[in-house]
Amino acid sequence: MIKKEYKLALIKLVKFIVILLITDFVLGAISKQVFFSQETGKYARSTHAINETNAKVLVLGSSHAHRHYVPKVFEEELNTSSYNAGAEGQQLLYHAALQKMILKRTTPDLIILNIDEDFLYTSKEAYDRLSDLHPYYANHRRELKPILGLKSKLIGFKLFFRSYQTNSTIVHAIRYYASPQIDYKGYRPLFGKVKPSDSTDEILLNEEDKKIDQNFVKVLRDLIATAKNKKVNLVFVTSPTLQHVDNSKNISFTTIQEIAKKENIPLVDFFNSKQFVSQYKLFHDTSHLNNDGAELFTKLLADKIKRMKWINN
Amino acid sequence: MLFNSLEFFLFLCIVFVLYWFVVYKNHKFQNVLLLIASYVFYGWWDWRFLSLIALSTLTDYFVGFRIYQSKDKLTQKRWLWVSVLFNLGLLGFFKYYNFFIESWIDLSASVGYEFQNTWTLKVILPVGISFYTFQTLSYSIDIYRKKLKPTNDFIAFAAFVSFFPQLVAGPIERATNLVPQFLKKRKFTYQNFSTGIKLMIWGFFLKLVVADRAAIYVDAVYNNIENHDGLSFVVATVLFAFQIYGDFAGYSLIAIGTSKLFGFDLMTNFRRPYFAASVSEFWTRWHISLSTWFRDYLYIPLGGNRVGKMRWLYNLFVTFLISGLWHGANWTFIAWGALNGLYLIAEVLVNRKNRRGIINVLLTFILINFAWIFFRANSIDNAFYIIKTIFTTPGRLYIGSGDDIAALLYAILAIGILLFVETKKEYFNALLSISKNKYEVVRLTGYAVVVFMILYFGVFGKSQFIYFQF
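Please read all numbers here as calculations on a predicted model, not as lab measurements.

*Asks:* In this structure, what is going on with the overall build of chain A? I would like to understand it.
*Replies:* Check the secondary structure of chain A and you find 13 helices and seven strands. Taken across its 313 residues, chain A has 41% of its residues classed as buried. Long-range pairs, those at least 24 residues apart, make up 84% of the contacts in chain A with a sequence separation of at least 6.

*Asks:* I tried to follow the interface of chain B and chain A on my own but got confused; where do I start?
*Replies:* You'll often see interface size given as the accessible area lost when the parts meet. With 21 residues of chain B in contact, the opposing surface of chain A contributes 23 residues. Elements represented by at least two residues in the side of chain B that touches chain A include exactly α8 (190-222), α16 (403-427) and α17 (440-457) of chain B. In terms of residue count, α17 of chain B provides more of the side of chain B that touches chain A than any other element does, nine residues in total. Its residues assigned to classes, the side of chain B that touches chain A comprises 16 nonpolar, four polar and one charged.

*Asks:* Explanation requested: the domain arrangement of chain B in the structure shown.
*Replies:* All names here are of chain B. On domain assignment, one finds that chain B holds domain 1 (6-185) and domain 2 (191-277 + 356-457). For domain 1 and domain 2, the distance between their C-alpha centroids amounts to 29 Å. When contributions to the side of domain 1 that touches domain 2 are tallied by element, the ones reaching two or more residues are α1 (6-21) and α7 (175-183). With three residues, α1 is the single largest residue contributor to the side of domain 1 that touches domain 2. Counted by class, the side of domain 1 that touches domain 2 contains seven nonpolar, four polar and one charged residues.

*Asks:* Teacher, can you tell me more about the sheet that holds strand β1 (residues 57-60) of chain A here?
*Replies:* Whenever strands of a sheet pair, they do so through backbone hydrogen bonds, lying parallel or antiparallel. All names here are of chain A. On the basis of which strands lie adjacent, the open sheet formed by five strands has the order β2-β1-β3-β5-β7 and parallel pairing. Looking along the sheet, the strands with just one partner apiece sit at the ends: β2 (82-84) and β7 (267-269). Each strand of the sheet is rotated relative to its neighbour by a mean of 20°, with strand direction disregarded. Packing against the sheet, helix α4 (residues 71-78) makes contact with β1 and β2, and its axis sits at approximately 160° to β2. Sitting on the sheet, helix α5 (residues 92-105) is in contact with β1 and β3 (110-115), with an inclination near 155° to β1.

*Asks:* Explain helix α2 (residues 27-46) of chain B here, please?
*Replies:* Residues three or four positions apart in an α-helix share a direction because the helix packs 3.6 residues into each turn. Residues and elements named next belong to chain B. The terminal C-alpha atoms of α2, which comprises 20 residues, lie 28 Å apart, in line with the 28 Å expected from a rise of 1.5 Å per residue. Buried within α2 we find H27, Q30, N31, L34, L35, A37, S38, F41 and Y42. In this fold, the buried residues of α2 make contact with α1, α3 (50-69), α6 (154-162) and α7.

*Asks:* Help me understand the pairing of β1 of chain A, please; the structure alone is not making it clear to me.
*Replies:* It is a general feature of regular strands that their side chains alternate between the two faces of the sheet. Residues and elements named next belong to chain A. Every second residue of β1 is oriented toward a common face, with V57 and V59 on one face and L58 and L60 on the other, all of them buried. Two elements, β1 and β3, share four bridges in a ladder whose sense is parallel. The residue bridging L60 from the neighbouring strand is L113, located in β3.

*Asks:* Is there a simple way to think about the packing of helix α9 (residues 230-261) of chain B against helix α14 (residues 358-376) of chain B in this case?
*Replies:* All names here are of chain B. Where α9 meets α14, the closest approach of the two axes is 9 Å, and the angle between their N-to-C directions is 85°. In terms of axis orientation, α9 runs roughly perpendicular to α14. Of the residues in α14, those touching α9 at T237, V238, F240 and A241 are I368, N369, W372, I373 and R376. A class-by-class count of the residues in the contact of α9 with α14 yields six nonpolar, two polar and one charged.

The rules behind the values
Residues numbered from 1 in each chain as written. Chains lettered and ligands numbered in written order. Predicted model: local features only at pLDDT ≥ 70, side-chain atom pairs only at ≥ 80, totals over all residues. Helix = DSSP H or I, 4+ residues; strand = E, 2+ residues; numbered from the N terminus. Buried ≥ 20, exposed ≤ 12 C-beta atoms within 10 Å, placed from the backbone. Contact = placed C-beta atoms within 7 Å. Nonpolar A, V, L, I, M, F, W, Y, C, P; charged D, E, K, R; others polar. Domains from an automatic or database assignment. Pairing = 2+ DSSP bridges. Axes fitted to C-alpha atoms, helices over the stretch in contact; angles between N-to-C directions. Expected span 1.5 Å × (residues − 1). Parallel < 35°, antiparallel > 145°, perpendicular 65-115°, else oblique.

Right, dumping it as structure tokens:
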């Protein structure tokens, strides 16, 4: 009698799992189709960077990268192609994963990594936001597993389900179908000027409670090694600041400086650049350049790239 | 260990296999396994507090016998007080000590006496202490009331106190219902297995899709009240109503479903509460295990409604005031409990009980939501600020940007699905039931689609259950 119940439960469970897998396969395939058919928005930009771009100058980084580097200026000044793969709200783990996926398919001449001074400080968001990479897992398992594995050791099991790979992406897709988000080769300009009343004379950062996440240090070294292995020039760049910033006690930034020096990676430091400090007309807010500021900054950087011969043309 | 974690999934699979395939021949071995599993489950969070569960278990096991063996009523009563004082003492110290000290200091300061606060302690609130202390108390009280005989089987009793599916957030089981289930052989049945899995799937939907989606918008508004207007507070409060329902009813369903996998029947804890047509009816549908606990062990001993009208109203108010305090050591919970008490008093006075119809359902929903403002607000001052803003500055609806706007849309979608399912169950139960469809493939596909929705719309790796803090 009991054995009959076990058998019945097992048969029904197997049937349910089969139907679940079929449902996941069919609906998951539809949701992936919707995901990869996006033409604008953050996912469309990442997908373009991973699957399509052959740009010779590639920009990686957070919102500072996304909003500060104008591909058109690079193209005019350097006579080459460029794409801005900066992603708002993302941090080093994401950029390293993106770099690996892109370099699997194409080899740019130069990768510019925009450095945020707190890149190496512990950050829960840096791990949480890695879910933006889940849709690419099926095609880039080898590149993504080490980084996604930092968040969850069972990532392979979780991402077995297609529906989970595109979790929480449908609203984004619908939103940008209804109202496309225009970008210019990945760059989205900001307009308007910050008011002097919005800023203080100098930013004083409280560094005492902040700690370095050794995973981030490891990933940064890995990002450098990946570029070197693929023989791609890598440059670290810091974006201009509206106010004077003292980073001498910022362990994250000083560690990045040390790593760059040791690994022979150029670091172009625009923090506290005289051409930008207190130039309110060049900033959209206290942290981000407006379009005028971004064009000027990109031109100055392009001049430096030319002078230093970091690309071959 | 959280239900919404892969650790729990693996843990459940291992315990299930051991339970039905290794120690299945003797229910006493199964009880030992459940006891060990429950202590592992709880210890995963913090093993140090296992000692409190063990102490509570030992105390009530011993007290139960002493009450039963004592011949005179006075001695029985004294032993009962040992259990009451021990369990409420644990609860009082870990949950309320700092609250009462701080409240006393604040009160003294308000009348001009300044104390230096040197008495508060760094006390960690042990997860689930409000639940298991009430559950063990019910054992001693029921023996005192001669509804139950003490069990000789210590392992069965210890497993009853620490039964992992409902250890940290209920349902608060009665000893009269659950202890006898530990004392007899459990049989594996396909029916239990199937029902258990279905309840768990729907519980996960409520938690991961409804509650955790709503929580993103609710937190964005309630944790930054100075940046929001009345309309946003109204929307956030309605979303919170579904968040807390999804969170707690979801937990309860997972607990009931998990118990079924092991052959146990736990009591129903929620019965579509937002379809109640009066506040008194709401309390027969919401957190039923707690409201009946308070009814049986506080309200009725106070005299219930078999006393004069004033005393009856007093009994109602005191019961809800204490129920509010049970939820947390904060004046917001006390205000929430008091407000519900006042609602019930008003319903008695205007004879609003036993109402029907959609208007009464909506009115009750509004009253309940108004009370939720106190429950969710970070302080009493915040609650009054929110209420004032709702009535004076409707303003614009915050739709946020990025994650918040998506969260709002996902939450609305999830609540829409929940309301559709519950409306059908409440009013049209016989119509178009997928779970009762004659074709097996339709039934199984229905549940597979719910799992798909959990994987596609759910929030993963973000939060624990709200009621863990109570």
